[in-house]
Amino acid sequence: MTDTAAAIRRLTERDAAEFWALRLRALRDHPEAFGRSYEESVRLSGAAVVARFRDDWTEPHGVMLGAIAGGALVGTAGLRRHDPEPQRHKAKVGHVYVVPEHRGRGTARALLAAVVAEAAATPGLEQVQLTVGTESQAARRLYVALGFEPFGVERRALKHGGRYSDEEHMVLFLRRVGNVEGERPAEVRD
């Protein structure tokens, strides 16, 4: 892997297989960080993966951003808007992962900054939420640096192999970012 910065772009259905391979790696290598298990996820068919990607990570429901370096997908971060009308002012960040060999290069920060920019440019969106494992201190520091604030801790939120982990809930109110109706962030390309 080179030391060049990763390019951030929107992923499409054409990227679903590469996205899913990276997702499975994340679930296998860091099960404590995610709400789904590798074992249940690996059983999904290719068609189910594409359908799930289309339903969850394409407009109008959400967007999945990818970090590309050396022609390979090295990181992801998604933004999914809540569906019920009373909650459409909120969205949730998910599927945040950067391969270990590309960490420490600003890739996660670039992905999350692009997600926040996407959120800020979405008409009617007022806040972005996420959860982070209380043991994931590096991730938590990054979220705080980007303006996310904690609003609660869910004890025993996940259970992997008989071991519980807690999750901290965080929010970023977009009025602090400057939501300009209809403006699309320049740093993210289709």
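What counts, and where the lines are drawn
Residues numbered from 1 in each chain as written. Predicted model: local features only at pLDDT ≥ 70, side-chain atom pairs only at ≥ 80, totals over all residues. Heavy atoms only, no water. Buried < 20%, exposed > 50% of the residue type's maximum accessible area, 1.4 Å probe, protein only. Helix = DSSP H or I, 4+ residues; strand = E, 2+ residues; numbered from the N terminus. Pairing = 2+ DSSP bridges. Right-handed = clockwise from strand over helix to strand, strands pointing away. Polar contact = N/O pair within 3.5 Å; in protein donor to acceptor, adjacent residues only side chain to side chain. Contact = heavy atoms within 4.5 Å. Axes fitted to C-alpha atoms, helices over the stretch in contact; angles between N-to-C directions. Core = buried A, V, L, I, M, F, W, Y, C linked by side-chain atoms within 4.5 Å. Parallel < 35°, antiparallel > 145°, perpendicular 65-115°, else oblique. Left-handed = near helix turned anticlockwise from the far one by under 90°.

Asker: Just to check I follow, could you spell out the pairing of strand β5 (residues 127-133) for this structure?
Answerer: Along any regular strand, the residues point their side chains to alternate faces of the sheet. Across the 7 residues that make up β5, a large majority, 5, are buried. Where strand β4 (residues 90-98) meets β5, 3 bridges bridge the pair, whose relative direction is parallel. By the bridge assignment, Lys 90 is partnered in β5 with Gln 127. Read from β4 through helix α4 (residues 107-120) to β5, the crossover connection turns out right-handed.

Asker: Looking at this structure, how should I read the side chain of Ser 41?
Answerer: Topologically, Ser 41 is positioned in helix α2 (residues 38-41). By relative accessible area, Ser 41 is classed as buried at 2%. Engagement of the side chain of Ser 41 in a polar contact is seen with the backbone oxygen of Ser 37, the distance being 2.9 Å. Discounting chain neighbours no more than four positions away, the residues touching Ser 41 are Trp 20, Leu 24, Leu 27 and Arg 36.

Asker: Even after reading the chapter, I still don't get the sheet that holds β5, so can you show me in this structure?
Answerer: Either a parallel or an antiparallel arrangement is found when strands of a sheet pair, and the pairing is made through backbone hydrogen bonds. Taken in spatial order, the 7 strands of this open sheet run β1-β2-β3-β4-β5-β7-β6, and their pairing is mixed. Two strands bound the open sheet, and with one partner strand each, they are β1 (7-10) and β6 (149-160). If you compare each strand with its neighbour and ignore which way they point, the axes differ by 25° on average. Contacts from helix α5 (residues 137-145) reach β4, β5, β6 and β7 (163-173) within the one sheet, and its direction differs from that of β5 by about 160°.

Asker: Is there a simple way to explain the nonpolar core in this structure?
Answerer: Among the nonpolar cores identified, the biggest contains 47 residues, and Leu 79, Val 93 and Phe 148 are the most heavily contacted of them. In this structure, Val 93 is in contact with Gly 78, Leu 79, Leu 112, Val 115, Val 128, Gln 129, Leu 130 and Phe 148, ignoring residues within four places of it in sequence.

Asker: What is the right way to look at the packing of α4 against α5 in this model?
Answerer: Between α4 and α5, the shortest axis-to-axis distance is 11 Å and the interhelical angle comes to 45°. Classified by the angle their axes make, α4 and α5 are oblique. Every pair of crossing elements has a handedness; the one defined by α4 and α5 is right-handed. In this structure, α4 uses Ala 108, Arg 109 and Leu 112 to contact α5, whose residues at the interface are Leu 142, Tyr 143 and Ala 145.

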